[in-house]
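# Geometric and topological summary
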Amino acid sequence: MGLRIHYGGTFDPVHLGHLAIARAARDQLQVAVRLLPAADPPHRAAPGADAGQRAHMLALAIGDEPGLLLDLRELERSTRQPGVPSYTVDTLRELRTELGPHQPLAWLVGADSLLGLTGWHDWEALFGLAHFIVADRPGSPLEQALPPALEAALAGRWADHERALLGAPAGRVLRLQTPLREESASAVRARIAAGEDWRSLLPPAVADYIADRGLYGARRV
Ligand code: ATP
């Protein structure tokens, strides 16, 4: 049974760093990557772009590129269950129910996300549900001492080869082989606000969409 990879995020907006990581995972693991935008948090107006706009930008970024897919399940869940926060652990439980107990399932994250894992809702359940594939990220060193609870949780889980992800349905952690990417969504938003160049951080179709709609305070064209 093949590996299933999902890549969750706010994608506010999706940038070239996200795309590079999704492509690296697709190419290293030889399997499609499903980009999965988070729903808007309940009871709070979306600060930048709303969930529908973020999903639309993802669709524009992916285009018809082979091996990159869009997974809208968190948006659909928030429509079905308005006001209920959407946690990764719930998404992984839903996926596990769909895929059955044996199919290898992996959640792709950046190193900053992995370093913050102990703050995720019901985080200790995560390794029973999925593998993690982690992309290094500037400013989030994985070589240095990790927070003790995370260090303990990761002990014995590091995979030295992608094949290790096929030997179990969940619970292993693989480092993605990919050059560091500097882009971040907050830098895109900050550059728009400061009137600095921001288009070079984004796929052109996403930059055009932002400019057309004046998202994040961008000057309409
Ligand atoms: P922000 O700057 O607002 O924190 P972000 O750029 O991290 O946003 P998210 O949508 O929060 O974007 O990221 C989704 C996932 O992609 C997270 O796991 C994050 O760690 C990872 N990620 C984003 N940008 C990079 C990058 N440049 N290198 C490695 N991982 C990244």
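Please read these numbers as outputs of a predicted model, since none were measured by experiment.

### Description of the overall build of the protein chain
Secondary structure summary: the protein chain contains nine helices and seven strands in total. Computed over its C-alpha atoms, the radius of gyration of the protein chain comes to 17 Å, within 12% of the 17 Å expected for a compact globule of 221 residues. Counting only residues that meet the buried cut, the protein chain has 38% of its 221 residues in that class. Within the protein chain, residue pairs in contact and separated by at least 24 positions form 75% of the contacts whose partners lie at least 6 positions apart.

### What about the sheet that holds strand β5 (residues 131-135)?
Hydrogen bonding along the main chain pairs the strands of a sheet, whether they run parallel or antiparallel. Taking strand neighbours across the sheet as the criterion, the seven strands line up as β3-β2-β1-β4-β5-β7-β6 in an open arrangement whose pairing is parallel. Of all strands in the sheet, those with a lone pairing partner are β3 (68-70) and β6 (158-159), marking the two edges. Of the pairings in the sheet, the one linking strand β2 (residues 33-37) to β3 comprises three bridges and is parallel in character. Counterpart to Val 33 in the pairing with β3 is Leu 68.

### A short note on the site of the ligand
Around the ligand, 17 residues are found, and the nearest of them are Gly 9, Gly 17, Gly 110, Ala 185 and Ser 186. Among the elements that take part in the shell around the ligand, helix α1 (residues 16-29) stands out by supplying three residues, more than any other. Residues that form the shell around the ligand fall into these classes: five nonpolar, eight polar and four charged.

### Looking at the environment of Leu 176
Residue placement: Leu 176 occurs in the loop between β7 (173-175) and α8 (185-194). For Leu 176, a count of 19 C-beta atoms within 10 Å gives the class partly exposed. Sequence separation of Leu 176 and Ala 135 is 41 residues, and the distance between their C-alpha atoms is 5.1 Å. When residues no more than four places from it in sequence are discounted, the contact partners of Leu 176 are Ile 21, Ala 24, Ala 25, Gln 28, Ile 133, Val 134 and Ala 135.

### Quick notes on the confidence of the model for the protein chain
On average, the protein chain scores 95 in pLDDT, and the residues at 70 or more come to 99%. Taken together, the chains of this predicted complex give a pTM of 0.97 and an interface ipTM of 0.99.

### Focus on the packing of helix α2 (residues 51-62) against helix α9 (residues 204-213)
For the pair α2 and α9, interaxial distance at closest approach is 8 Å and the crossing angle is 150°. Contacts from His 56, Met 57, Leu 60 and Ala 61 of α2 reach α9 at Ala 205, Val 206 and Tyr 209.

### Notes on the environment of Val 134
Summarising the element assignment, Val 134 is placed in strand β5. Val 134 sits in the buried class, given 24 other C-beta atoms within 10 Å. A sequence separation of 109 residues divides Val 134 from Ala 25, and the C-alpha atoms of the two residues are 9.4 Å apart. With near-sequence residues (within four places) excluded, Val 134 lies in contact with Val 109, Ala 111, Leu 114, Val 173, Arg 175 and Leu 176.

### Section: the nonpolar core
In this structure, Ala 106, Leu 108, Ala 130 and Phe 132 are the most contacted members of the largest nonpolar core, which totals 54 residues. The contacts of Ala 130, once residues within four sequence positions are left out, are Leu 92, Leu 105, Ala 106, Trp 107 and Ala 170.

### Focus: α1
Each full turn of the α-helix corresponds to 3.6 residues, which orients residues three or four apart in the same direction. Here α1 spans 20 Å end to end across 14 residues, near enough to the 20 Å set by a 1.5 Å rise per residue. Every buried residue belonging to α1 is among Gly 17, His 18, Leu 19, Ile 21, Ala 22, Ala 25, Arg 26 and Leu 29, and all of these are buried. In this fold, the buried residues of α1 make contact with β1 (4-9), β2, α2, β3, β4 (105-110) and β5. Immediately downstream of α1, the backbone of Gln 30 shows phi near 60°, a positive value.

### Structural notes on unusual backbone geometry
A cis geometry characterises the amide bond from Asp 12 onward to Pro 13, with omega recorded as 0°. Along the chain, Pro 13 turns up in the loop between β1 and α1. You will see that Tyr 216, though not glycine, has its phi angle at about 60°, which is positive. Among the structural elements, Tyr 216 can be located in the segment after α9.

### A closer look at the pairing of β5
Judged by how many residues are buried, β5 sits mostly within the fold: five of five residues are covered. Of the two faces of β5, the one holding His 131, Ile 133 and Ala 135 and the one holding Phe 132 and Val 134 are both buried throughout. For β4 and β5, the ladder comprises five bridges, and the chain directions are parallel. Within β5, the residue paired with Leu 108 across the bridge is Ile 133. Two strands pair when backbone bridges link them, and β5 and β7 are joined in this way by three bridges, in the parallel orientation. Pairing of Phe 132 across the sheet is with Val 173, part of β7.

Procedures and definitions
Residues numbered from 1 in each chain as written. Predicted model: local features only at pLDDT ≥ 70, side-chain atom pairs only at ≥ 80, totals over all residues. Helix = DSSP H or I, 4+ residues; strand = E, 2+ residues; numbered from the N terminus. Rg over C-alpha atoms; globule rule 2.2 N^0.38 Å. Buried ≥ 20, exposed ≤ 12 C-beta atoms within 10 Å, placed from the backbone. Contact = placed C-beta atoms within 7 Å. Pairing = 2+ DSSP bridges. Near = placed C-beta within 6 Å. Nonpolar A, V, L, I, M, F, W, Y, C, P; charged D, E, K, R; others polar. pLDDT = per-residue confidence, 0-100. Axes fitted to C-alpha atoms, helices over the stretch in contact; angles between N-to-C directions. Core = buried A, V, L, I, M, F, W, Y, C linked by C-beta atoms within 7 Å. Expected span 1.5 Å × (residues − 1).

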